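# Coordinates in review
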Amino acid sequence: MASTSLTRFSHHLDPPLSLVETCKSMDQLKQIHCRTLTLGLPKTPAFHNKAISFCCADKSGDMDHAVKLFDRIPEPKSVFLWNTMIKGYSRIDCPRLGVSMYFNMLVQNVKPDNYTFPFLFKGFHRNLGFSCGKELHCHVVKFGFCSNVFVQNALIHMYSRCGQMEMARRVFDISCKTDVITWNVIITGYNRSKRYDETSKLFDEMEKNGVVPSWVTLVSLLLACSKLRDLEVGKRVHKYIERCEIDRKLILENALMDMYAACGEMDVAVGIFDRMKTRDVISWTTIVSGFINKGDIDLARSYFDQMPERDYVSWTAMIDGYIRVNCFKEALVLFRQMQAANIRPDEYTMVSILTACAHLGALQIGEWIKTYIDRNKVKNDVFVGNALIDMYFKCGSVAKARSVFSDMPRKDKFTWTAMIVGLAINGHGEEALGMFSEMLRASIKPDEITYIGVLCACSHAGMVHEGRKFFASMSTEHGVEPSVTHYGCMVDLLGRAGHLREACEVIKNMPMKPNTIVWGALLGACRVHKDVRIAEMAAKQILELDPKNGAVYVLLCNIYASCKRWDSLHELRESMLHRGIKKTPGCSLIEMNGVVHEFVAGDRSHPQSNEIFLKLDSMTRDLKLAGYSPDTSEVFLDIGEEDKESTLYRHSEKLALAFGVISTEPGATLRIVKNLRMCVDCHVVAKLVSKLYGREVVVRDRTRFHHFRLGSCSCKDYW
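Residues numbered from 1 in each chain as written. Predicted model: local features only at pLDDT ≥ 70, side-chain atom pairs only at ≥ 80, totals over all residues. Heavy atoms only, no water.

In the annotation of an unreviewed UniProt entry, the entry for the protein reads DYW domain-containing protein, and the organism field reads Hibiscus sabdariffa.

Below you can see the structure in the form of C-alpha cells.
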C-alpha cells in the first residue's frame, strides 16, 4: 500500500522538481535533496538543471554545493549545465575556475554555444585577460562565434576590463554596430580607461550610423563630458535628451547636473536640481561638490546642511572642500560630526583628514586616525600610506614616517618622493639622498617633484657639490627638464652656502623668466649673509612682479635692521605706509590633547592667557640667568631697545612655547606650526627652552623644520 502511494506520488507530482522550482534558500534545497535521497526518488536531468542553476545563479546560492551536484553526474553532456557552472564562477568572481571548467568541458567533447563565451568573459579581470584572453578569443573564431553579437559584446567587455582598449576597439570595428549595447560596452570601456575623448568621438559615430542611444549611453557620454569639462558636447547631449523626450531617469538627471557643475555652469545645474521631482543623496552631493569646485564653500555648506540624508561620499566631499580653501580646523570639526552621525569613512575620507592634520601639525589626531584605520579595517592602500607619511613628516615625526614607509607592501613614485622631501625638510639631507639612491635601485623613475626634494635635501644640508651634480644630470639621466622651481632650488642652495654671485649667474642664464620664488630664494640668502646690494636688487625684481608682496618688504627691513642701515629702513617703512603694505601677523599653532590652539603675536584671547604670560615672564628670567640676551637685530620698528625686547617677547611661537610648557611634563614633545619664517631670537629661545625645561621642541616654519633637543637645533643655525 505504501509502495503504491509512493509510486503514485513520484510519478504524478515529481516532488523534487516542483519543490526546487519554489525553493527560496540553500537550506531548503539541501532538505529537498536529502529527502529525495531518503525516499529513493529518481533524479531526472531536469532536477539537476534546476538544482545546479539555483546554486549558481541565486544570490543565496552555493558554488561548492553546485560542484558536488555536478560531479555526481557521470557524463555531463548538456552544454546548458557547463554554461551554468561557468556563469556561477563569474558571479562569485572566480573567473579562473570558470576557465578551468571551460577547458574540462572541451575534454568531455562538449562544444560551446553562443552563451558560453559571454558567461566566461563576464568575470575576467586584468591579469586573467592578459594571460588567456587572446587564446580564448581564438576559440571564439575556431567555433564560429566571431560574428555573434553577444559574443562580440563579451569580447569587447573582456578586453576593456583588462585595459586592452586597442584589442577592444578592433573587435568593435569589425562588429555589426547595429546593437546599442555594443556601443555602450565600448564607451564604458573607454570611460573605465579614462580615455574620455574617445567616448566623445563615438557619440558622433553613433549619430552617423543611425544608432539610437539608450539612457545608459547618455549617462556614459555625460560622464565623459564632465571629466573633459566639454560643455559643448554636453549641451548637445542635453538637447538630444529634450528633443527625443528621453525618459528623465534620476541617474540621467544626476549625470546632467554633474556635467554642468563640472563645467562651472552652476546656475544650470541648480536649475535642473530645483526641477527634479525626486532627488537622492547623489543629487545633493553633486550640487555640494559643484559649489566646492567653484570655491563657494559657504553655499556648498548651506546645501550640505539641507541634505535629508548624507552618505560617506557627501561627508568626504564637504571635508575635502574645507581642505581646498585651507580651512583645516573646520575639516576636523566636520569629521567629528561625521563620526557622531555613525557614518563610516572610507580611504578617501582618511586621506583628506590626514591632509588636514598635516597642515595643522596635529599629530595626536593623526595618530588617532592611524589607529582608526587599523582597527576598522579601512582600506589602507598606497594613497593612505602616502598621506600618513606626509602627515608624520609635516608633524616632525620622522621615525614614524620611516615606519609607515617600511610597512607599505606597495610603493609608488609618490611614496619615494614623500620620503625624500620629508627627510629633506626635517634636516636629514644625507638620508634623503640615500633614499633617492634606493629609489633608483628599485627601478622607480623620478619625476620633477622628486628632483625638487633631492635639491631641497642638498640645500638644507649645505651639500653644494652634490646639488650641482644632481641638477646637471636630471635631464641627461632621467629626461626631467629643469623647471623654474628647480632653478629656484639651485639659487637657494648656492645662496645659503654663500655663493651669491654664482646664484646670480644661475638666474641670469635661466632659459625662462625667473619668478618670485627664484628671486625670493636669493633674497633669503642675502638675509643670512647680510648682502644689502644684492638684496635690494632681488627685492626690486620681486616687487615688479608682485607689488603687494608684504613679505619682501619685511625681509628687506630685517636685512637693513641687521646691517644697521637705519636711513634705508626708514625710507622702506615710509614706502610701506604709503602703499598700504602691512606685515602679515605671526601665527603659531600647537596641538595639546587632540585640540589645536592658535596664537597670534601679542594675542591675549586664549582662555589661559594670564597663566601663559606669567609663564613667559618666568621663562624669560630663567633664560637670562642661563645667558640669554634678546636679539633685536631683526626688529625694524623705530623704538627703544627695551620696547624692541617687548615686541620680541610677544611673538606667537613664544606664546605657544609657554602654553606648551605649562601643559606638559618634562620629556614631552612640543610641536608648533608657524606661518612665517622663525626669527633669530625665537630660535635662540627655543634652543634654551629645550635644554632648561627638558622638552623636545619641533617648529615647522614657512620653509623648514627645526628640531630642538638639549639646546641645539637640527638646522645647525642654517635656515
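A word on the overall build of the protein. Check the secondary structure of the protein and you find 39 helices and 6 strands. Relative to the globule expectation of 27 Å for 719 residues, the C-alpha radius of gyration of the protein, 34 Å, shows a markedly less compact shape. The principal-axis extents of the C-alpha atoms in the protein amount to approximately 120 × 60 × 55 Å. When contacts within the protein are restricted to residue pairs at least 6 apart in sequence, long-range pairs at least 24 apart make up 62% of them. Summed over its atoms, the accessible surface of the protein is roughly 34600 Å², and 52% of this surface lies on carbon and sulfur atoms. For the protein, the distance from the average position of its 92 positive side-chain charges to the average position of its 82 negative side-chain charges is 4 Å. (Helix = DSSP H or I, 4+ residues; strand = E, 2+ residues; numbered from the N terminus. Rg over C-alpha atoms; globule rule 2.2 N^0.38 Å. Contact = heavy atoms within 4.5 Å. Areas by Shrake-Rupley, 256 points an atom, 1.4 Å probe, with all protein chains shown as cover. Lys, Arg positive; Asp, Glu negative; His and termini not counted. Charge placed at Lys NZ, Arg CZ, Asp CG, Glu CD.)

Attention now goes to the packing of helix α12 (residues 180–192) against helix α14 (residues 215–228). Packing of α12 against α14 leaves a shortest axis separation of 9 Å and a crossing angle of 25 degrees. By the angle class used here, α12 and α14 are roughly parallel. Two packed elements cross with a definite hand, and for α12 against α14 that hand is left-handed. Contacts between α12 and α14 pair Val180, Asn184, Ile187, Thr188 and Asn191 from the former with Val216, Thr217, Ser220, Leu223 and Ala224 from the latter. Class assignment for the residues of the contact of α12 with α14 results in 5 nonpolar, 5 polar and no charged. (Axes fitted to C-alpha atoms, helices over the stretch in contact; angles between N-to-C directions. Parallel < 35°, antiparallel > 145°, perpendicular 65-115°, else oblique. Left-handed = near helix turned anticlockwise from the far one by under 90°. Nonpolar A, V, L, I, M, F, W, Y, C, P; charged D, E, K, R; others polar.)

Right, let's talk about the UniProt feature "repeat: PPR" (unreviewed entry) in the protein for a bit. Summarizing the sequence annotation, UniProt attributes the feature "repeat: PPR" (unreviewed entry) to residues 78–112, 179–213, 280–310, 311–345, 381–411, 412–446 and 447–482 in the numbering used throughout. Span residues 78–112 is 74% helix and 0% strand, its end C-alpha atoms 10 Å apart. The straight-line gap between the two end C-alpha atoms of residues 447–482 is 10 Å; of that span, 81% is helix and 0% is strand. (UniProt positions renumbered as here; feature names shortened; annotations may be inferred.)

Take the packing of helix α20 (residues 312–324) against helix α21 (residues 328–340) next. Contact geometry for α20 and α21: axes closest at 7 Å, N-to-C directions at 165 degrees. Our classification of the angle between α20 and α21 gives roughly antiparallel. In this structure, the crossing between α20 and α21 has a hand that is right-handed. Residue-level inspection shows Tyr312, Trp315, Met318, Ile319, Tyr322 and Ile323 of α20 in contact with α21, the latter providing Phe328, Glu330, Ala331, Leu334, Phe335, Gln337 and Met338. Residues of the contact of α20 with α21, tallied by class, amount to 11 nonpolar, 1 polar and 1 charged.

Here we come to the nonpolar core. Nonpolar side chains in soluble globular proteins tend to be buried together. With 138 residues, the main nonpolar core has Ile287, Met318, Ile389, Met391, Leu522 and Leu523 as its most contacted residues. Apart from the residues lying within four places of it in its own chain, the contact partners of Ile389 are Ala401, Val404, Phe405, Met408, Thr415, Ala418 and Met419. In this structure, Cys56, Trp82, Tyr102 and Val185 belong to the second largest nonpolar core, which totals 49 residues. (Core = buried A, V, L, I, M, F, W, Y, C linked by side-chain atoms within 4.5 Å. Buried < 20%, exposed > 50% of the residue type's maximum accessible area, 1.4 Å probe, protein only.)

Time to look at the pairing of strand β2 (residues 595–600). Strand direction decides the pairing type here: strand β1 (residues 587–592) and β2, joined by 6 bridges, are antiparallel. Pairing of Ile590 across the sheet is with His597, part of β2. If you look at the hairpin formed by β1 and β2, you'll find 2 residues sitting between the two strands, and Asn593 has a positive phi there, around 55 degrees. (Pairing = 2+ DSSP bridges.)

What the rule picks out here adds up to 20 aromatic pairs. Relative to Phe117, the ring of Tyr102 has its centre 5.6 Å away and its plane inclined at 55 degrees; by these criteria the two rings are tilted. Within this pair, whereas Tyr102 is found in helix α7 (residues 95–107), its partner Phe117 is found in helix α8 (residues 116–122), the two being separated by 15 residues in sequence. For Phe117, a relative accessible area of 0% puts it in the buried group. Judged by centre distance (4.9 Å) and plane angle (80 degrees), the ring pair of Phe273 and Trp284 falls under edge-to-face. Of the two residues, Phe273 is situated in helix α17 (residues 266–275) and Trp284 in helix α18 (residues 281–293); the sequence distance between them amounts to 11 residues. Of the two residues examined, Phe273 and Trp284, each falls in the buried class. One aromatic cluster is present, formed by Tyr102, Phe103, Phe117, Phe121, Phe124 and Phe145 through successive ring pairs. Its guanidinium or amino end placed over the ring of Phe470, Lys469 lies 5.4 Å from that ring's centre, counting from NZ or CZ. Cation over ring: Arg604 sits above Phe613, and NZ or CZ is 3.8 Å from the ring centre. (Phe/Tyr/Trp six-rings, centres within 6.5 Å; stacked < 30°, edge-to-face > 60°. Lys NZ or Arg CZ within 6 Å of the ring centre and 35° of its normal.)

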